[in-house]
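Here are the chains, one letter per residue:
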Amino acid sequence: MPHADLLIDNAHIVTMNSRWDEFPRGAVACADGRIIEVGDSDELCQRHTKAPRFDGGGKLLLPGFINAHTHVAMAYFKGLADDLVLQTWLQDHIWPAEQRFLSDQFVHHASLHGAAEMLRGGTTTFCDMYFYEAATARACRQIGIRAHLGEGILSFPAHGHADAAAMIAYNVKYAAHNDDRVRFELAPHAIYTCNRDDLLSVARAAREHGLRVHIHLSETESEVNDCIEKHGMRPVHYLQELGLLGPHVRLAHCVWVDDEEAAILAETGTAVALCTRSHLKLASGFAPLQTFLRHGVKLALGTDSVASNNTLSMFAEMSLVARLHKTLSDDPTFLPAREVVAMCTRDSAAALQRDDLGVVEAGRQADLTLLATDSIEATPLYDVYSHIVYTLGASDVSDVFVGGEHVLRNRKLANVDERELVARARDYAKKVVTQ
Ligand SMILES: [Zn+2]
């Protein structure tokens, strides 16, 4: 065993492993950004006497959350246009604003802002689809968050790209530098913004370069009806015909998926990222969670962008998912709290094919979130999973480690000036409203 270079002791460890192990007075030893040992606090302190120590203060320590679908650089469009139909919202508000403002610098600044919100909410990895993603990659390395990024692929010119081939080439180019911190993947926007030939090119590029694919699918009922009219089949069948299903593919939304389609997703190992708060705000509908679980579809949770959510809090997402699907199932025993926490940690790591994330155990990345439980609101504490899903929120996150780096310290981000981020967001907002 290598020498530990970080020992977090005196914490209530919630491992999120398949046995649901907890260490109520536990410790985590790390070396070179990875966890090397998890166990009883006193025992680990005796074994790793020379390691620099961080006092967990009796807090809950769990794997950092994974946000499986977002558009982080839309941070400056939060609350810009609400209470609208999806197509009106996109065509009359979001796309024109993007047309006017998007640039490498805008995306860099907005990505820092969004990533800051995620770290402050205990999220250590996110999956993104947007434009100028190289700027988002720089922001991730700067602030210290982990990400899967994909330049949006469209069948029309957009944001400096002449066509889909250029957008695919952009992702392939940056994917050559993939590492554990930032990984590029292919992100075709949707089946209604990418034509058949371009989607076939994406499938081919994914095979040739061994890249993952991230696409929006079946978000609204009209998207499904249009697909049937145009291609004579439902969206999941259409993707299957194009060779765009499999363990390397993650579909965002899947609100309008039927039983047969869910069976295909399970059989092919295709993952689904549910963005429930966004679905409800846009009145897109309710994803068939019970059907997905019955078939064994790989599930993860995402926030979608702050333009449609309007927060990046995984706590808000978990709380809603648990409550909503109990009601829809007419069964309060459906979806126990700990399974919802798994959807943001262990299960989402599996959905990303990242066996180095999502669980506090030896060999995995030291991506760790600590939650304070000494407030009026957080006491008393009987069941940690119940607390995480139903009681706690982003403001209870005190410290976050990503790859063993202490990036949030007692609610202060270590690598950026938060006051500067706030001032810059206000400056951009003035420009957005005066255009
Ligand atoms: Zn989205």
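Re the overall build of the chain
Of regular secondary structure, the chain possesses 16 helices and 18 strands. For a compact globule of 435 residues, the expected C-alpha radius of gyration is about 22 Å, and the chain comes in at 21 Å, within 12% of that figure. If you line up the chain on its principal axes, its C-alpha atoms span 65 × 45 × 45 Å. In the chain, buried positions account for 52% of the 435 residues.

Some details on the domain arrangement of the chain
In terms of domains, the chain is made up of domain 1 (6-63 + 359-413) and domain 2 (65-351). Here domain 1 and domain 2 have C-alpha centroids that lie 28 Å from each other. Taken together, the 24 residues of domain 1 in the interface contact 25 residues of domain 2. Every element with two or more residues in the side of domain 1 that touches domain 2 is listed here: β5 (60-63), α15 (384-391), β16 (397-402) and β17 (405-409). Of the residues forming the side of domain 1 that touches domain 2, the biggest block, 5 residues, is contributed by α15. Per-class residue counts for the side of domain 1 that touches domain 2 are 17 nonpolar, 4 polar and 3 charged.

A word on the environment of aspartate 330
Relative to the assigned elements, aspartate 330 resides in the loop between α12 (314-329) and α13 (337-343). For the pair aspartate 330 and alanine 300, spaced 30 residues apart in sequence, the C-alpha to C-alpha distance is 22 Å.

Considering helix α5 (residues 164-175)
Its 12 residues give α5 an end-to-end C-alpha distance of 16 Å, which sits within 8% of 16 Å, the value for a rise of 1.5 Å per residue. Residues of α5 that are buried include every one of Ala164, Met167, Ile168, Tyr170, Asn171 and Ala175, and no others. On an axial view of α5, the arc spanned by its buried residues comes to 155 degrees, and they lie on one face. Taken together, the buried residues of α5 touch β8 (146-153), β9 (182-184) and α6 (196-209).

Looking at the environment of leucine 312
Tracing the backbone shows leucine 312 in the loop between β14 (298-301) and α12. For leucine 312 and alanine 166, which are 146 residues apart along the polypeptide, the C-alpha to C-alpha distance reads 30 Å. Once you skip the residues sitting within four places of it in the chain, leucine 312 turns out to touch Asn67, Thr70, Gly114, Glu117, Met118, Gly121, Thr123, Thr303 and Val306.

Quick notes on the pairing of strand β15 (residues 368-371)
Side chains Leu368 and Leu370 of β15 all project onto a buried face; the interleaved residues Thr369 and Leu371 project onto the opposite face, where all are buried too. Note that β5 and β15 share 4 bridges and pair antiparallel. Note on β15: the bridge partner recorded for leucine 62 is threonine 369. Across 4 bridges, the pairing between β15 and β16 is antiparallel. Of the residues in β16, the one forming a bridge with leucine 370 is aspartate 399.

Quick notes on the sheet that holds β14
Strand order in this open sheet of 4 strands is β11-β12-β13-β14, and the pairing throughout is parallel. Each edge of the open sheet carries a strand with a single partner, namely β11 (213-217) and β14. For this sheet, the mean angle separating the axes of adjacent strands, direction not counted, is 30 degrees. Examined bridge by bridge, strand β12 (residues 249-253) and strand β13 (residues 271-274) share 3 bridges and lie parallel to one another. Its bridge partner lying in β13, alanine 252 is registered against alanine 273.

Topic: the nonpolar core
One finds Val28, Leu61, Ala115, Ala273, Leu301, Met318 and Val360 to be the most contacted residues of the largest nonpolar core, which totals 139 residues. Among the elements that make up this core, the one with the highest residue count is helix α3 (residues 104-120) (7 residues). The contacts of methionine 318, once residues within four sequence positions are left out, are Leu301, Val340, Val341, Cys344 and Val389.

Here's the deal with α6
For α6, with 14 residues, the first-to-last C-alpha span of 20 Å sits near the 20 Å given by 1.5 Å per residue. Along α6, the residues classified as buried are Leu199, Val202, Ala205 and Ala206. All buried residues of α6 project into a common sector of 120 degrees when viewed along the axis, lining one side. Along α6, exposed side chains directed more than 90 degrees from the buried face belong to Asp197, Arg204, Arg207 and Glu208. Elements that come into contact with the buried residues of α6 comprise β8, α5, β10 (187-188) and β11.

Some details on unusual backbone geometry
With an omega of 15 degrees, the peptide bond between asparagine 309 and asparagine 310 qualifies as cis. Along the chain, asparagine 310 turns up in the loop between β14 and α12. With an omega dihedral of -5 degrees, the bond running from threonine 379 to proline 380 counts as a cis peptide bond. On the secondary structure map, proline 380 appears in the loop between β15 and α15.

Quick word on the pairing of β5
Summarising the sheet, strand β1 (residues 6-14) and β5 pair through 2 bridges and their orientation is parallel. Considered in β5, the bridge of histidine 12 is made with leucine 60.

Focus: the packing of α5 against α6
In the contact formed by α5 and α6, the axes pass within 10 Å of each other and the chain directions differ by 15 degrees. Looking at the two axes, α5 sits roughly parallel to α6. With respect to the hand of their crossing, α5 and α6 are arranged in right-handed fashion. Of α6, the residues touching α5 (which contributes Ala164, Ala165, Ile168, Val172 and Ala175) are Asp198, Ser201, Val202, Ala205 and His209. The residue makeup of the contact of α5 with α6, split by class, is 7 nonpolar, 2 polar and 1 charged.

Conventions adopted
- Residues numbered from 1 in each chain as written.
- Predicted model: local features only at pLDDT ≥ 70, side-chain atom pairs only at ≥ 80, totals over all residues.
- Helix = DSSP H or I, 4+ residues; strand = E, 2+ residues; numbered from the N terminus.
- Rg over C-alpha atoms; globule rule 2.2 N^0.38 Å.
- Buried ≥ 20, exposed ≤ 12 C-beta atoms within 10 Å, placed from the backbone.
- Domains from an automatic or database assignment.
- Contact = placed C-beta atoms within 7 Å.
- Nonpolar A, V, L, I, M, F, W, Y, C, P; charged D, E, K, R; others polar.
- Expected span 1.5 Å × (residues − 1).
- Arc of directions from axis to C-beta.
- Pairing = 2+ DSSP bridges.
- Axes fitted to C-alpha atoms, helices over the stretch in contact; angles between N-to-C directions.
- Core = buried A, V, L, I, M, F, W, Y, C linked by C-beta atoms within 7 Å.
- Parallel < 35°, antiparallel > 145°, perpendicular 65-115°, else oblique.
- Left-handed = near helix turned anticlockwise from the far one by under 90°.

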